[in-house]
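Observations on the model geometry
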Amino acid sequence: AHTYDLWRPKKATAPLPLCFYVHGGAFRALRKDTHWIMALAFARRGMAVCLPNYRLAPQHRYPAAHADAAVALRHVVDHADDFGVDKGCVVVAGESAGANIAMGLAVGQAWGRSEPHLQCIADIDIKAVVAACGVFQVGAPERFRARDPDFHWFFRDRCQELMDFLPLKDGAPFDDELASPLLLVEREAPQKKVPPMFLPVGGGDFLIDDHERMERALRRHGVDVSAPVYGNEVHAFHAFIWREEARRCWRDTADFLRAHGVPLREPPPVL
């Protein structure tokens, strides 16, 4: 679990902006090797990309995954000179469960939380957050069925499995507000400046309501946030890069980061 890959564009000479990308998989599946296409998408635009593994549920509950991600981020920033990385230009990103972890690190830092894994990265300046199709609230899976009585059994089961990630309180899963950063953002104001946030989601994703809630809550705190909805696309649609909406999402992501000071190039053409 405690390994990461570091991707760099070929022939890169100057210190590169860093994308710290956390993979999804409902906190219990997949790994850095399954998400090479995400790393490649950022690296082709001129970023160094750190793609970490982390401990998975159900064997490991919160905060194991968040703590592993924080230590990996700390390690790559501490070795920025070795990797040719600009530690003053760090983007934290992820999709699905990875978006939860990315958001948890950025929100926990901005809200001044004292958890050890957040203290580990307290001095790292996060320039922007890209949290796609995010699981921003892990608990209360019944809310999806209440919204849609025909909620598909496959996604219903996956939402129920998310409870294996939550910490236990009195022997039952507890919807901790950093395991579910949406709850913290809705509850109180940040203590520090929140980095700009890009929160893309498909119009057919069952998590779209949570994205709308997160956008509203962040805007109430004056955060620079963009949460575009893409057609009727499904969960993690941007991984299907042959689809036009996925390509549009990647273009919009790059435009958002450029607008916030991340020096990205246009990707080379695919032959």
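Now for a description of the structure that goes with this document.

Criteria and thresholds
Each chain carries its own residue numbering, running from 1 in the direction its sequence is written. The predicted origin of the model limits local features to residues at a pLDDT of at least 70 and limits the giving and counting of side-chain atom pairs to 80 or more, whereas totals for whole chains, interfaces and linings rest on all residues. Just so you know, side-chain values use all the structure's heavy atoms and leave hydrogens and water out. In this description a helix means any DSSP run of H or I spanning at least four residues, a strand means any run of E spanning at least two, and both kinds are numbered starting from the N terminus. With C-alpha atoms as the basis for the radius of gyration, the globule rule is written as 2.2 Å multiplied by the number of residues raised to the power 0.38. In what follows, residue pairs with any heavy atoms lying within 4.5 Å of each other are defined as contacts. Where accessible areas are quoted, they stem from the Shrake-Rupley method and a 1.4 Å probe; at the residue level, only the protein chains shown are allowed to cover. A residue counts as positive if it is Lys or Arg and as negative if it is Asp or Glu; His and the chain ends are not included. By convention, charge coordinates are those of NZ in Lys, CZ in Arg, CG in Asp, or CD in Glu. Where helices are involved, their axes are fitted lines through C-alpha atoms of the stretch in contact, as for all axes, and angles between N-to-C directions lie from 0 to 180°. Here roughly perpendicular refers to angles of 65 to 115 degrees, roughly parallel to angles under 35, roughly antiparallel to angles over 145, and oblique to all remaining angles. Here a crossing is taken to be left-handed if its near helix is turned anticlockwise relative to the far helix by less than a right angle, and right-handed if that turn runs clockwise. Nonpolar residues are Ala, Val, Leu, Ile, Met, Phe, Trp, Tyr, Cys and Pro. Charged residues are Asp, Glu, Lys and Arg, and all others, Gly as well, are polar. A pair of strands is labelled paired if DSSP reports no fewer than 2 bridges between them.

**A closer look at the overall build of the protein chain**
Summing up its helical and strand segments, the protein chain has ten helices and eleven strands in all. Taking 18 Å as the expected radius of gyration for a compact globule of 271 residues, we find that the protein chain reaches 17 Å, a close match to that expectation. Judged by the C-alpha coordinates and their principal axes, the protein chain covers about 50 × 40 × 35 Å. Pairs at least 24 residues apart make up 78% of the contacts formed inside the protein chain by residues separated by at least 6 positions. On the protein chain, roughly 11900 Å² of surface is accessible, and the fraction owed to carbon and sulfur atoms is 54%. Between the mean site of the 33 positive side-chain charges and the mean site of the 35 negative ones, the protein chain shows a separation of 4 Å.

**Concerning the packing of helix H1 (residues 36-43) against helix H10 (residues 244-259)**
Contact geometry for H1 and H10: axes closest at 11 Å, N-to-C directions at 50°. On the basis of the axis angle, H1 is oblique to H10. Helix-helix and strand crossings are classified by hand; for H1 and H10 the assignment is right-handed. Residues Met-38, Ala-41 and Phe-42 of H1 lie in contact with H10, whose contacting residues are Trp-250, Thr-253 and Leu-257. A class-by-class count of the residues in the contact of H1 with H10 yields five nonpolar, one polar and no charged.

**Considering the sheet that holds strand S1 (residues 4-7)**
If you walk across this open sheet you meet the seven strands as S1-S3-S2-S4-S5-S8-S10, and the pairing is mixed. If you trace the sheet from one side to the other, it starts and ends with S1 and strand S10 (225-226), each paired once. Inspection of the sheet shows strand S5 (residues 126-132) paired to strand S8 (residues 197-198) by two bridges, in the parallel sense. Paired with Val-129 across the bridge in S8 is Met-197. Strands in contact with helix H2 (residues 64-78) are S1, strand S2 (16-22), strand S3 (48-52) and strand S4 (85-95); relative to S2, the strand with the most contacts, it is inclined by about 165°. Running at roughly 130° to S4, helix H4 (residues 97-110) makes contact with S2, S4, S5 and S8 of the sheet.

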